[in-house]
Amino acid sequence: MVTPEELRSIPLFASLEEPDLEWLCRVMADITLSPGEYVVHDGDPPALFALLDGQGEAVKVVDGDDRVIGKREPGTLFGEISIVLGTPQPAGFRAVGEARVVRLDPHDYHALAAIVPEVATHVGRNAADRIGGPKGLQALASSPTPYRAIVLGHRWDAACADLRRFLDRNQVRFRWFQPDIPAEAAEWEGALPAEGDCPAFRIVNGKTVFRPQLRRVAELLEMDFEPAAAEYDTVVVGAGPAGLAAGVYGASEGLRTLVVEREAPGGQAGTSSRIENYLGFPSGVSGDDLSSRALQQARRLGAEILVTRSITRIDAGEPHQLHLDGGDVVQAKTIILACGVSWRQLEIEGFDRLVGKGIFYGAARSEASNTHGLDIQVIGAGNSAGQAAMFFSTHARSVTILYRGESLEKSMSNYLIEQLAKRKNIHTRFHTEVTAARGDGSLEAIDVHNSETGETTRLESGGLFIFIGADAETSWLPEDVKLDPRGYVLTGAEAGAAECWPLDRDPYLLETSVPGIFAAGDVRFSPVKRVAAAVGEGSMAIAFVHQYLRDAEARAKGA
Ligand SMILES: Cc1cc2nc3c(=O)[nH]c(=O)nc-3n(C[C@H](O)[C@H](O)[C@H](O)COP(=O)(O)OP(=O)(O)OC[C@H]3O[C@@H](n4cnc5c(N)ncnc54)[C@H](O)[C@@H]3O)c2cc1C
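Quick notes on the rules
- Residues numbered from 1 in each chain as written.
- Predicted model: local features only at pLDDT ≥ 70, side-chain atom pairs only at ≥ 80, totals over all residues.
- Heavy atoms only, no water.
- Helix = DSSP H or I, 4+ residues; strand = E, 2+ residues; numbered from the N terminus.
- Phe/Tyr/Trp six-rings, centres within 6.5 Å; stacked < 30°, edge-to-face > 60°.
- Buried < 20%, exposed > 50% of the residue type's maximum accessible area, 1.4 Å probe, protein only.
- Lys NZ or Arg CZ within 6 Å of the ring centre and 35° of its normal.
- Axes fitted to C-alpha atoms, helices over the stretch in contact; angles between N-to-C directions.
- Parallel < 35°, antiparallel > 145°, perpendicular 65-115°, else oblique.
- Left-handed = near helix turned anticlockwise from the far one by under 90°.
- Contact = heavy atoms within 4.5 Å.
- Patch = residues over 30% accessible without salt bridge, like charges linked within 9 Å, V, L, I, M, F, W, Y side chains within 5 Å.
- Areas by Shrake-Rupley, 256 points an atom, 1.4 Å probe, with all protein chains shown as cover.
- Salt bridge = Lys/Arg side-chain N within 4 Å of Asp/Glu carboxyl O.

Draft legend 1. Summary view of unusual backbone geometry. In this chain, Cys198 is followed by Pro199 through a cis amide linkage whose omega measures 5°. Residue placement: Pro199 occurs in the loop between helix H8 (182-185) and strand S11 (200-203). Positioned with a positive phi, Gln171 is a non-glycine residue whose angle comes to about 55°. Tracing the backbone shows Gln171 in the loop between helix H7 (158-169) and strand S10 (174-177).

Draft legend 2. Region of the structure containing the packing of aromatic side chains. Across all of its chains, the model carries 10 aromatic pairs by this definition. Centre to centre, the rings of Phe360 and Phe465 are 5.4 Å apart; their planes meet at 15°, and the pair counts as stacked. Taken together, the positions of Phe360 in strand S20 (residues 359-361) and Phe465 in strand S27 (residues 464-466) put the pair 105 residues apart, joining distant regions of the chain. Each member of the pair, Phe360 as well as Phe465, carries the same accessibility label: buried. With a centroid separation of 6.5 Å and an interplanar angle of 75°, the aromatic rings of Tyr403 and Phe430 are classed as edge-to-face. Of this pair, Tyr403 sits in the loop between strand S22 (398-402) and helix H14 (414-422) while Phe430 sits in the loop between strand S23 (426-429) and strand S24 (432-438), placing them 27 residues apart in sequence. Put simply, the rings of Phe360, Phe391, Phe392 and Phe465 touch in pairs and so form one group of aromatic residues. Directly above the aromatic system of Tyr147 lies the positively charged group of Arg173, at a separation of 4.6 Å from the ring centroid. Across from the ring centre of Tyr147, 5.5 Å away, lies the NZ or CZ of Arg175, which sits over that ring.

Draft legend 3. Expanded view of the packing of helix H13 (residues 383-392) against H14. Two elements in contact, H13 and H14, have axes separated by 10 Å at closest approach and are oriented at 30°. Viewed along their axes, H13 and H14 adopt a mutual orientation that is roughly parallel. Judged by the twist between their axes, the crossing of H13 over H14 is left-handed. Between H13, through Asn383, Gly386, Gln387, Ala389 and Met390, and H14, the contact on the second element is made entirely by Tyr415, Leu416, Gln419 and Leu420.

Draft legend 4. Spotlight on a nonpolar patch on the surface. Together, Val84, Leu85 and Ile131 make up an exposed nonpolar region whose accessible area comes to about 240 Å². Secondary-structure assignment places Ile131 in helix H5 (residues 117-132). The exposure class of Ile131 is partly exposed, given its relative accessible area of 33%.

See the structure below:
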């Protein structure tokens, strides 16, 4: 426990009376930190910290990377802004070497400030300096975060759209120049690449590559894409909410955990502009924000997360073998299938030709600025379509929701229907189906048919975003992993009914028809397709992994 003598070494407390110091010693937490250990993270609840021994640094997460924004010496404080304003911590604080820190919780701070007003004055002055001082947060916010990469490519080049989407979804700050806009082309240093070499990708002050594979882009950005080990306790397929939750729980509970994601962490949820029904976020949370928080959490707790890699084959056995695209094979005692669902494609005249050139499946958030001032359409009537309409309505001149049915009530949440009704530039056309997409190099117009009037009309289109539901893509799974007729993975009692189930015990709730292979989230056969359900199942799957490993150990001992 900290002593009054030690507290006197902190200028804020130096002039306090002995009884006040003794009271502080009783209420303050005394925390010893090892090198690199955090005492508080960006976004944690308010508290005031003082550094007793050692050195520390204030750290802010910028673009997914930890950025050191200040140093602290013994006797200095941390957390003044949060304690004065009652807000979450604007930055984290970690020890540089061994360090010792004391923490004062808000109600004790306010009790102290009530009897010694000088404390509030001192901390308030510090808070103002931390915000507006020369090295304060205001100065930090006004110095823009440097871009990490530059993309040179045409607006209607599908490869360029894929590249921009990949960078956007992986939260990489980049600049995009179009070679046919002279002012933008002039920003590209050096000779412009030939038409056929676009999109070109350049790391700021680094290498340039032409028409790169996303894997190469990930390599240049130093993202993890090679497994570090040959064997894991559990390998999670997919890093949507279910996979990231499994990563967090698996790693935090001491399992060697690998999460493999073919595109970007966050899954479908990562493409949502605002998730309003996830517990703990009273004013909603953007998919980007939720995904980047979950990713940081999983990494901090020790999960290994690979991007731009797909699992293409599983050989069930003991241990199971997972084949990654590109030829790597890893072994896993258990597997969690968290590979979600993929957008259903429409077979309509002109669609295949114009995908990525004005037609997009799902919300291509990186396309938002391209819809500026245009009339765009959204197909679908679910929450994802509603969220996309809200999102694009702040860029496009008008957004028209096209839907075959007669009302949104059956498929969309009430809060969204109310929000849509308040946006003057969002319109809805019921009984309407798109019958053709028109345009040479890019989408220019769509034909829509009204089933009530029998009329077909042509609408100018600056972008068509399709949200007509999704399917489980599970044809690559081994035959013994049983699926329902639509490809969703059977688990628990349904999996136990399969003839191939080999054990005396029943499968666990999330276990598939192959012992040790589990399924969580949207890919699992279940009526609930929600972020909260995916997170819950991903976390729960880890409890079953432990149970399976205990059984396997007992079987091995008994053998
Ligand atoms: C636009 C939109 C808005 C939404 N809004 C809400 C909302 O407001 N509230 C709500 O509760 N729900 C919402 N949902 C639904 C919610 O996002 C999903 O229920 C949830 O994301 C399911 O999580 P999951 O982890 O099971 O699957 P997914 O999110 O689909 O993630 C699966 C991941 O696995 C990866 N993957 C697939 N196959 C492989 C493979 N072979 N190898 C490696 N990786 C693979 C995919 O790339 C993907 O990243 C929304 C969905 C969308 C699309």
